[in-house]
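Structural overview
Listed below are the residues making up each chain.
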Amino acid sequence: MTPSLIIANWKMHKTISEAQAFCRDFIVLSRGLKKTTVVICPPFTALAAVAASLKSSDIKLGAQDVHWEAKGAYTGEISPDQLVDAGCRYVIIGHSERRQILGETDIMIRKKVKAALGAGLIPILCVGETLQERQENKAYEIVEQQITGALKDIEFTEEDLVIAYEPVWAIGTGVNASYQDADEMAAHIRTCLQNINTRVMAAKIPLLYGGSVKADNFAEFLQGSINGALVGGASLEADSFFQIVRLCESA
Ligand code: 13P
């Protein structure tokens, strides 16, 4: 069975002490989870503190970005090995905020995926179309380009990778995609994955939905082939995040 995954993307939120307080509360709430893996992706500044807070729990640590080089003169960047050293197991790559605001291209994203895999990190590769692309019926083509751009000719197995479908128009807007749209896109993504890597069992790669996920809209997503969520705003409070985790655990 494909594992259930709920991932918190805190983006540029929380000081170290706020992150520690969240972990204290969330660890108590989430004791005894049986089938849901939870990953928390704090800002870089809080990685070490969150790693220490999560040590006695099963909750995993992830970062929000990574550079593709191992070391060198790359001011402001963080290497895959530095993330591993900080206690990370996962890393978000190709988030639409980085693609759109910081100009990340598929070429950069592919280098990041390759470097992360090489260091033993699990990339959480984000893909998704803008509102204009959806309105022009280009959503499938765009997502296929993003998947192919990031993963073609890269070696990976079912255990190495997570894909998050995050339609740009649904991020932080309060307007989530419909469960049917997300499920149809999930099927398309699995076909793309299978086409570019015939050795992998694409059905087993965890496929998440992200974009205005909250406890009161997420239950229906779990009826289909979506394996979990990448959560922004609703992951900032332990209670609201745990409500989403609980839905996944009882699905
Ligand atoms: P929101 O849940 O705040 O819409 O953010 C989604 C997201 O971008 C997660 O990576």
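Residues numbered from 1 in each chain as written. Predicted model: local features only at pLDDT ≥ 70, side-chain atom pairs only at ≥ 80, totals over all residues. Heavy atoms only, no water.

Turning our attention to the pattern of salt bridges. If you walk through the whole model with that rule in mind, you get 10 salt bridges. For Asp106, the salt bridge goes to Arg99, with nearest N and O atoms at 2.9 Å. The partner of Asp181 in a salt bridge is Arg134, and the shortest N-O contact between them spans 3.7 Å. Within this pair, whereas Asp181 is found in helix α8 (residues 179-196), its partner Arg134 is found in helix α6 (residues 131-135), the two being separated by 47 residues in sequence. Assessed through its relative accessible area of 26%, Asp181 is described here as partly exposed. Its relative accessible area of 22% is what places Arg134 among the partly exposed residues. (Salt bridge = Lys/Arg side-chain N within 4 Å of Asp/Glu carboxyl O. Helix = DSSP H or I, 4+ residues; strand = E, 2+ residues; numbered from the N terminus. Buried < 20%, exposed > 50% of the residue type's maximum accessible area, 1.4 Å probe, protein only.)

Interaxial distance between helix α1 (residues 16-29) and helix α10 (residues 238-250) falls to 9 Å at its minimum, and their mutual angle equals 35 degrees. Considering the relative orientation of α1 and α10, their crossing is right-handed. Residues Phe22, Asp25, Phe26 and Leu29 of α1 form the contact with α10, whose participating residues are Ala238, Asp239, Phe241, Phe242 and Val245. Classifying every residue of the contact of α1 with α10 by side-chain character gives 7 nonpolar, no polar and 2 charged. (Axes fitted to C-alpha atoms, helices over the stretch in contact; angles between N-to-C directions. Left-handed = near helix turned anticlockwise from the far one by under 90°. Contact = heavy atoms within 4.5 Å. Nonpolar A, V, L, I, M, F, W, Y, C, P; charged D, E, K, R; others polar.)

By nearness alone, every residue bordering the ligand is listed as Asn9, Lys11, His95, Glu166, Ala170, Ile171, Gly172, Gly211, Ser212, Leu230, Gly232 and Gly233. In the environment of the ligand, an oxygen atom lies 2.7 Å from a nitrogen or oxygen atom belonging to the backbone of Ser212. Between Gly232 and the ligand, the recorded distance is 2.9 Å, taken from a backbone N or O atom to an oxygen atom. Expressed as a share of its isolated accessible area of 310 Å², the protein-covered part of the ligand is 94%. For the shell around the ligand, a count of residues per class yields 3 nonpolar, 7 polar and 2 charged. (Near = heavy atom within 4 Å. Polar contact = N/O pair within 3.5 Å; in protein donor to acceptor, adjacent residues only side chain to side chain. Areas by Shrake-Rupley, 256 points an atom, 1.4 Å probe, with all protein chains shown as cover.)

A few words on the nonpolar core. Counting residues in each nonpolar core, the largest one holds 68 residues, and the members touching the most others are Phe26, Leu151, Ile163, Ile189 and Leu193. Setting aside anything within four residues of it in sequence, one finds Ile163 in contact with Leu125, Val127, Ile147, Leu151, Ile189, Leu193, Ile205, Pro206, Leu207 and Leu208. Formed by 13 residues, the second largest nonpolar core is a distinct cluster that contains Ile7, Tyr90, Ala164 and Leu208. (Core = buried A, V, L, I, M, F, W, Y, C linked by side-chain atoms within 4.5 Å.)

Residues other than glycine seldom take positive phi values, yet Lys11 does so here, at roughly 50 degrees. Inspection of the secondary structure assignment puts Lys11 in the loop between β1 (4-9) and α1. Of note, Asn137 is a non-glycine position whose phi angle comes to about 60 degrees, a positive value. For Asn137, a relative accessible area of 72% translates into the label exposed.

The next point concerns the side chain of Glu129. Here Glu129 shows up in the loop between β5 (122-127) and α6. Among the polar contacts made by the side chain of Glu129, one reaches the side chain of Arg134 at a distance of 2.6 Å. Aside from chain neighbours lying at most four places away, what touches Glu129 is Arg134, Ala139, Ile142, Val143, Tyr165, Pro167, Val168, Trp169 and Met185.

The terminal C-alpha atoms of helix α5 (residues 106-118) lie 18 Å apart, and with 13 residues this matches the ideal 18 Å at 1.5 Å per residue to within 8%. Taken together, the buried positions of α5 are occupied by Ile109, Lys112, Val113, Ala115, Ala116 and Leu117. Considering only its buried residues, α5 is in contact with α3 (80-85), β4 (90-93), α4 (96-101), β5 and α7 (139-151). Backbone geometry just downstream of α5 places Gly120 in the positive-phi region, at approximately 85 degrees. (Expected span 1.5 Å × (residues − 1).)

On to the side chain of Glu166. Along the chain, Glu166 turns up in the loop between β6 (162-165) and α8. Of the side chains with opposite charge, Lys11 comes closest to the buried, unpaired Glu166, at an N-O distance of 6.1 Å. Contact partners of Glu166, with chain neighbours within four places excluded, come to His95, Cys126, Val127, Gly128, Ile171, Gly210, Gly211 and Leu230. (Lys, Arg positive; Asp, Glu negative; His and termini not counted.)

Turning next to the state of the cysteines. Counted under the stated rule, the structure contains 0 disulfides. Considering cysteine sulfurs only, Cys88 is the nearest to Cys41, which forms no disulfide, with 7.8 Å between them. For Cys41, a relative accessible area of 0% translates into the label buried. Lacking any disulfide linkage, Cys126 is separated from the closest cysteine sulfur, that of Cys41, by 9.2 Å. (Disulfide = S-S within 2.5 Å.)

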